[in-house]
Amino acid sequence: MRPNPRRGGWSPPRPGKDLDLTQKASTTTAMAEAQNLPVGSNTTGAIAVAAESTTATRMSAPPSFDVADFPVPHGREEEWRFTPLDRLKGLHDGTAQATGTIKTDVSAPDGVTVESVPRDDARIGRAGKPIDRVAAQAFSSFEKATVVTVPKEAVLTEPVTVHLHGEGGVTYGHTVFDIGAFAEAVIVIDHTGDAVRSANVEFVLGDGAKVTFVSVQDWDDSAVHCSQHNALIGRDATFKSVVVTFGGGVVRLNPRVNYAGPGGEAELYGLYFTDSGQHQEHRLMVDHDAPNCRSNVAYKGALQGEDAHAVWIGDVLIQAAATGTDTYELNRNLVLTDGARVDSVPNLEIETGEIVGAGHASATGRFDDEQLFYLMARGLPESEARRIVVRGFFAELVQQIGLPELEERLITKIETELAASVA
Amino acid sequence: MATLEINDLHVTVETDGGPTEILRGVDLTVKQGETHAIMGPNGSGKSTLAYSLAGHPKYTVTGGSVKLDGEDVLEMSVDERARAGVFLAMQYPVEVPGVSVSNFLRTSATAIRGEAPKLRTWVKEVREAMERLSIDPAFAERNVNEGFSGGEKKRHEILQLELLKPQFAILDETDSGLDVDALRVVSEGVNRVREGGDVGTLLITHYTRILRYIKPDFVHVFAKGRIAESGGAELADKLEEEGYEEYVKGGATA
């Protein structure tokens, strides 16, 4: 269906950043908002309206719980073309035997139950199926799942925290967060240590529930981590996800959102700092399958050093039933040195024109020399000027997240990373 | 007494057609406590002079010298020049997203003064300086230059001038785009700094309007990349009457 501005439902483009869908509603269109695009970087995007290449057709197999339903990837598939398969330690081809150990430390406030349940527990797998072979492998391989239940109407004053500390070797896992109607919770998963980890995380939000989920990837540089995050957002519920990736050799995360009813809201934020040799990949999917839901995606990353590689895929699908949708997605990358590479691909698929608004933006740039000059002209040595620009770049997003206690932690984390690296 | 001495300064800028010479032998000496107005038509190279003195990488010095009390300014990096006491109030200051004005001011003051100002006196100092420039206190929590109006940007530049107390202040078209009220407020700020007697001021402007508020000791007419004529405040009156025509005719401007 071709969107028709006269029929209403289209909001005016946001200042300066949006593609104007009303003018470019044909098939696909390249997104160009590059400033000083570094060599080797790729910032493309597409808006597809009933086009042949869609999120579904791009995948090499339909979602499934069974690893056997997915062919072993060879690297040219759409969903694998940016990932260094040879560094996945066999998570993708069935050779990774679960012989490792990971120390798990869960702390939950009173009223919250934490259970270890067998694979056939009915609460597993409700938020979504694995969408690629690695996620399916994790689903097929875990022995026991963890189910964390926040009862309905419980408003937690303390966060639920899960600390996973890798002690080497391959592990698989599965965690379900079952959030009752009108409950409110902050959930934090911290990842540290050395691990080859493939684990999926599910969130099932009851009507009107409010969840903030923070996932911090602070692994050792040797770690490999793949995870699919599925959130099923109940009617009028709010899900806020904050993904912070600083560590790990290869990190590949798939945060995904579906709506169980109208009025749901998803905010997906991400920060990454990709150093030399690191591969950090964030692949988001917001599936607007119910009317009057909102989604807002904002990921920002800084890269530095030889072979630092960040990948950001932002897929949004507005299904025919999802009238009244309001969605926006943004990715910004700051490339600090030569030798780093960014692939940023926003995709927006629209099956109804009866929406409030839809837009996306992606930009990858180098340091703005004028900013450096301005700060240096105020006496700041170049290294400090650079640090303040990077800090500001992230602070803008951190301010937007709107959680004071988390803000502080993130800023401290960024400061540490900056002190160690931007010299 | 500190002296800024510019001798036979030649500067080029890279253009599509190769390097183009913008400054063609500028001679100027500014002493602490003096105010020099540099006036000239568009494209005469006034702003190039300002940015070259501050060390903007876009401009290449191909000849001449700039000395601050005998020290070679051209050998210094941008930040070294700032710490040596050269301040450039920019015509188009850039946005620095995610960096608050208060954080920015304190970071600059720390860099320029060589130590972090004591928090209690600093907060008071900033608050008072902002009040004098009729800047809303909420301004301190905004990100640097982000969404600032033209007038706010200029006030913010002069706020920095007042707080950083340089030896030499270069004001690049600080008057451009200001309405009369803003022009008065900004000029008063500049005058407060001048009254201390510790700053040498280079006031770069296209219009004589700001000279009604800031009285220069010397006026220089800038044309075709160099100083074409120098005089006292009366030269500004002549320019007010006659414009720049006399200086631009007889050849294309740079």
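Residues numbered from 1 in each chain as written. Chains lettered and ligands numbered in written order. Predicted model: local features only at pLDDT ≥ 70, side-chain atom pairs only at ≥ 80, totals over all residues.

Within an unreviewed UniProt entry, the label attached to chain B reads Fe-S cluster assembly ATPase SufC, and the organism entered is Streptomyces iconiensis.

A. Expanded view of the packing of helix α4 (residues 119-132) of chain B against helix α5 (residues 150-164) of chain B. All names here are of chain B. With their axes 10 Å apart at the nearest point, α4 and α5 run at an angle of 135 degrees to one another. The pairing of α4 with α5 is recorded here as oblique in orientation. In the crossing of α4 with α5, the sense of the turn from one axis to the other is right-handed. Where α4 abuts α5, its residues Glu125, Val126, Ala129 and Met130 lie against Leu159, Glu162 and Leu163. Classifying every residue of the contact of α4 with α5 by side-chain character gives 5 nonpolar, no polar and 2 charged. (Axes fitted to C-alpha atoms, helices over the stretch in contact; angles between N-to-C directions. Helix = DSSP H or I, 4+ residues; strand = E, 2+ residues; numbered from the N terminus. Parallel < 35°, antiparallel > 145°, perpendicular 65-115°, else oblique. Left-handed = near helix turned anticlockwise from the far one by under 90°. Contact = placed C-beta atoms within 7 Å. Nonpolar A, V, L, I, M, F, W, Y, C, P; charged D, E, K, R; others polar.)

B. Structural context of the domain arrangement of chain A. All names here are of chain A. In terms of domain boundaries, chain A breaks down into domain 1 (5-366) and domain 2 (367-423). Across the contact, 16 residues belong to domain 1 and 14 residues belong to domain 2. Listed by contribution, the elements that provide at least two residues to the side of domain 1 that touches domain 2 are β8 (210-217), β10 (238-245), β12 (265-274) and β14 (294-303). Among the residues making up the side of domain 1 that touches domain 2, the classes are represented as 11 nonpolar, 2 polar and 3 charged. (Domains from an automatic or database assignment.)

C. Spotlight on the packing of α5 of chain B against helix α6 (residues 180-195) of chain B. All names here are of chain B. Between α5 and α6, the least distance of the axes is 9 Å, while the angle of their chain directions is 10 degrees. In terms of orientation, α5 lies roughly parallel with respect to α6. Here Gly151, Lys154, Arg155, Ile158, Leu161 and Glu162 of α5 lie close against α6, whose contacting residues are Ala182, Val185, Val186, Gly189, Val190, Arg192 and Val193. Split into classes, the residues belonging to the contact of α5 with α6 amount to 7 nonpolar, 2 polar and 4 charged.

D. Expanded view of helix α2 (residues 133-141) of chain A. Residues and elements named next belong to chain A. For α2, the tally of buried residues reaches 8 of 9 residues, placing the bulk of the element in the interior. Within α2, the full set of buried residues consists of Arg133, Val134, Ala135, Ala136, Gln137, Ala138, Phe139 and Ser141. Where the residues of α2 are buried, they touch β6 (160-179), β7 (184-205), β9 (224-233) and β11 (250-259). (Buried ≥ 20, exposed ≤ 12 C-beta atoms within 10 Å, placed from the backbone.)

E. Structural view of the pairing of β7 of chain A. Residue and element names in this part refer to chain A. Among the 22 residues that make up β7, 18 are buried, leaving the element largely enclosed by the rest of the structure. Taken together, the 18 bridges between β6 and β7 define a ladder with parallel strand orientation. Bridge pairing in β7 places His163 opposite Asp190. As defined by bridge partners, β7 adjoins β8 across 8 bridges and the pair is classed as parallel. Pairing of Ile187 across the sheet is with Phe213, part of β8. (Pairing = 2+ DSSP bridges.)

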